[in-house]
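# Close look at the chain arrangement
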Amino acid sequence: MHRESILFSQWQQNNNCIIKHIQSLSLFIQARTILAYFSFRREPDLSPLFTDNSYIWGFPRCVGRSLYWHKVISLDPVKVGMYGILEPNENSPQINLEEVDLILVPSVACDHQGYRLGYGGGYYDYFLSSPLVRNTLTIGIIFEFAYIEKLPIQPWDIKLSGICTEMGIQMI
């Protein structure tokens, strides 16, 4: 199965379940600064969370081979960046990575050991290996059909702290 083959009504229902699971996670409730992403190619869409201004929301901007994280308030303008993905403007304030409490990680697939498959650019693996965020809680966000037994692992792959699907959150 593929995300884009899901009927929109089912996608929306599954997406709403993912949002509810994230909102009920105590680590989310207690967080102050959260790194997230703008949905792409019918990934789970976390945007309903972004209107909660009790959190500081950070979003990535691709520069070369790196991700730079910027604060975005719900009405701040965004632009289409590399690969057609929305990203903050370069003038948006940068996030202090030492203050990040939670990272919601986009994924194509995740496995039961906590490894993720992305789009192949290595941006998140490189970012998550940084000493500034290495010990930060990371939750891979996927639909249940993409939560599989085992993915092929490369030496640079970084294990996530947990996986969230429409069926719930599994901490690793």
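Here goes a summary of the coordinates provided. (Residues numbered from 1 in each chain as written. Predicted model: local features only at pLDDT ≥ 70, side-chain atom pairs only at ≥ 80, totals over all residues. Heavy atoms only, no water.)

### A look at the nonpolar core
Counting 48 residues, the largest nonpolar core has Phe28, Leu46, Leu49, Trp57, Leu104, Phe127 and Ile141 as the members making the most contacts within it. Excluding anything up to four places from it in sequence, leucine 104 contacts Ile34, Leu35, Ala36, Tyr37, Leu46, Leu49, Trp57, Ile139 and Ile141. (Core = buried A, V, L, I, M, F, W, Y, C linked by side-chain atoms within 4.5 Å. Buried < 20%, exposed > 50% of the residue type's maximum accessible area, 1.4 Å probe, protein only. Contact = heavy atoms within 4.5 Å.)

### A look at the pairing of strand E2 (residues 56-63)
Where burial is concerned, most of E2 is hidden: 6 out of the 8 residues are buried. Bridge analysis of strand E1 (residues 33-35) against E2 gives 3 bridges, and the strand direction is parallel. Across the sheet, the residue bridging to threonine 33 is isoleucine 56, located in E2. Remark: 2 residues form the turn of the hairpin made by E2 and strand E3 (residues 66-71), two consecutive strands paired antiparallel; glycine 64 in that turn has positive phi of roughly 60°. (Helix = DSSP H or I, 4+ residues; strand = E, 2+ residues; numbered from the N terminus. Pairing = 2+ DSSP bridges.)

### As for the packing of aromatic side chains
A complete count under the given rule lists 13 aromatic pairs for this structure. Both rings, one in phenylalanine 38 and one in phenylalanine 50, keep their centres 6.2 Å apart while their planes meet at 90°; by these two values the pair is edge-to-face. On the criterion of sequence distance, the pair formed by phenylalanine 38 in the loop between E1 and E2 and phenylalanine 50 in the loop between E1 and E2 is long-range, its members being 12 residues apart. Each member of the pair, phenylalanine 38 together with phenylalanine 50, is buried. With a centroid separation of 5.0 Å and an interplanar angle of 35°, the aromatic rings of tryptophan 69 and phenylalanine 127 are classed as tilted. With tryptophan 69 in strand E3 and phenylalanine 127 in helix H3 (residues 123-128), this pair connects stretches of sequence that are 58 residues apart. (Phe/Tyr/Trp six-rings, centres within 6.5 Å; stacked < 30°, edge-to-face > 60°.)

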